[in-house]
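Summary of the model geometry
Letter by letter, the chains look like this.
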Amino acid sequence: MQISGDSLPEIALVPGDPARVYEIGECLSNVEEIGNNRDYITITGTYKGLPLTVCSSGIGGPSTEIAVVELNKLGVKTIIRVGTSGGLADDVKPGDLIVLSSCIRYSGTANLFIPENFPAVADYRLLTALISACEEGGVVYHVGIGLSLDSFYATKPDLLREDFPSSIYGKLKEWIAAGALQLDMEAATLYVLSSLLKINAAAICTAGSNISRGERPETPPSNENAIIAACEAAYRFNNWKEISIKRGRSFRLPPIAERG
């Protein structure tokens with residue numbers, strides 16, 4: 001990553017796709033592009049007066065690691081992943097939103113930092129902000145566990161050939177039965193690193209397909225609902241924090257009923 005300047009706004013929205021950075025930028029004011037290197041495009045802007053950083057993470061755990069660590073070095077303390085995913089649960093339809101409370105870890109990147117029995121979990125306050133934004137926005141959304149792994153094709157071996165080997169493909173039914181709503185390639189790395197770095201993180205994804213049903217629309221669903229929910233969640237999270245500080249209270253319990 002190459003970014004002009006020594007510091008960034010504390011809250012960052014992090015999509016995987018560089019093109020989605022510009023989509024998010026359409027919802028912001030005072031937008032300025034401050035970095036464009038490889039898959040990492042970075043802009044700053046404001047949402048309802050709140051300064052935000054937006055930076056693409058690229059695909060998978062290794063590139064996400066670089067984005068998270070370097071954003072944190074530049075002052076980012078809160079990250080919302082604005083991603084896309086493949087639906088697993090039967091009731092997750094293309095276009096639905098998934099707010100990830102935690103992840104089943106198949107992340108080689110995270111494993112290099114700490115063993116697999118270390119949980120990959122979202123910050124509960126940021127999770128609450130995302131749920132609140134989805135609820136008020138009237139969108140179809142789900143909350144729960146995701147499957148996060150370092151491969152795109154291993155869960156879809158039929159796209160390679162009929163008998164292509166895949167150790168994870170045979171386990172998908174087990175993970176779906178256990179409650180996995182979706183799969184992606186970045187969230188587990190984000191969640192583990194955020195815990196280790198002692199920063200806040202959560203993720204909201206748009207289901208682009210349903211893998212268990214083999215449902216893959218020719219036209220990908222819009223990311224608009226996820227983007228709006230993420231922006232609104234960032235605003236609410238910051239508002240709750242400021243209310244808590246003004247009242248001299250801990251931010252462990254967000255003042256959800258108050259807008260400030």
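Being a predicted model, the structure only gives us computed values, none of them experimental.

**Quick look at helix 6 (residues 187-197)**
Most of helix 6 is tucked away: eight of the eleven residues are buried. Along helix 6, the residues that are buried comprise Ala-187, Ala-188, Thr-189, Leu-190, Tyr-191, Val-192, Leu-193 and Ser-194. Following helix 6 by one or two positions, Lys-198 has its phi on the positive side, about 60°.

**So, the packing of aromatic side chains**
Any two aromatic rings considered together are summarised by their centre-to-centre distance and by the angle between their planes. What the rule picks out here adds up to four aromatic pairs. Considering the side-chain rings of Tyr-47 and Tyr-235, the 6.4 Å spacing of their centres and the 80° angle between planes classify their relative orientation as edge-to-face. Taken together, the positions of Tyr-47 in strand 3 (residues 40-47) and Tyr-235 in helix 7 (residues 224-246) put the pair 188 residues apart, joining distant regions of the chain. What makes Tyr-235 partly exposed here is its relative accessible area of 28%.

**Observations concerning helix 1 (residues 18-25)**
By the burial criterion, the buried members of helix 1 are Arg-20, Val-21, Ile-24 and Gly-25. The buried residues of helix 1 all sit within an arc of 150° when viewed along its axis, so they share a single face. Tucked into the core, helix 1 has its buried residues touching strand 1 (11-14), strand 2 (29-37), strand 3, strand 4 (50-55), strand 5 (78-87) and helix 7. Where helix 1 begins, the side chain of Asp-17 points an oxygen toward the backbone nitrogen of Ala-19, at a separation of 3.0 Å.

**Focus on the packing of helix 2 (residues 61-73) against helix 6**
As a packed pair, helix 2 and helix 6 sit with axes 9 Å apart at the nearest point and diverge in direction by 30°. As the angle between them shows, helix 2 and helix 6 are arranged roughly parallel. Handedness of the helix 2/helix 6 crossing: right-handed. Contacts between helix 2 and helix 6 involve Gly-61, Thr-64, Glu-65, Val-68, Val-69 and Asn-72 from the former and Thr-189, Leu-190, Leu-193 and Leu-197 from the latter. Per-class residue counts for the contact of helix 2 with helix 6 are five nonpolar, four polar and one charged.

**Things to note about the side chain of Arg-105**
On the secondary structure map, Arg-105 appears in strand 6 (residues 97-106). In this structure, Arg-105 is buried with no salt-bridge partner, the nearest side chain bearing the opposite charge being Glu-116 at 6.3 Å. A polar side-chain atom of Arg-105 sits 2.7 Å from a polar atom in the side chain of Asn-111. From its side chain, Arg-105 meets the backbone oxygen of Phe-118 in a polar contact 2.6 Å long. Setting aside chain neighbours within four positions, we find Arg-105 in contact with Ala-110, Asn-111, Ile-114, Pro-115, Glu-116, Phe-118, Ala-120, Ser-148, Ala-188 and Val-192.

Cut-offs and rules
Residues numbered from 1 in each chain as written. Predicted model: local features only at pLDDT ≥ 70, side-chain atom pairs only at ≥ 80, totals over all residues. Heavy atoms only, no water. Buried < 20%, exposed > 50% of the residue type's maximum accessible area, 1.4 Å probe, protein only. Helix = DSSP H or I, 4+ residues; strand = E, 2+ residues; numbered from the N terminus. Phe/Tyr/Trp six-rings, centres within 6.5 Å; stacked < 30°, edge-to-face > 60°. Arc of directions from axis to C-beta. Contact = heavy atoms within 4.5 Å. Polar contact = N/O pair within 3.5 Å; in protein donor to acceptor, adjacent residues only side chain to side chain. Axes fitted to C-alpha atoms, helices over the stretch in contact; angles between N-to-C directions. Parallel < 35°, antiparallel > 145°, perpendicular 65-115°, else oblique. Left-handed = near helix turned anticlockwise from the far one by under 90°. Nonpolar A, V, L, I, M, F, W, Y, C, P; charged D, E, K, R; others polar. Lys, Arg positive; Asp, Glu negative; His and termini not counted. Salt bridge = Lys/Arg side-chain N within 4 Å of Asp/Glu carboxyl O.

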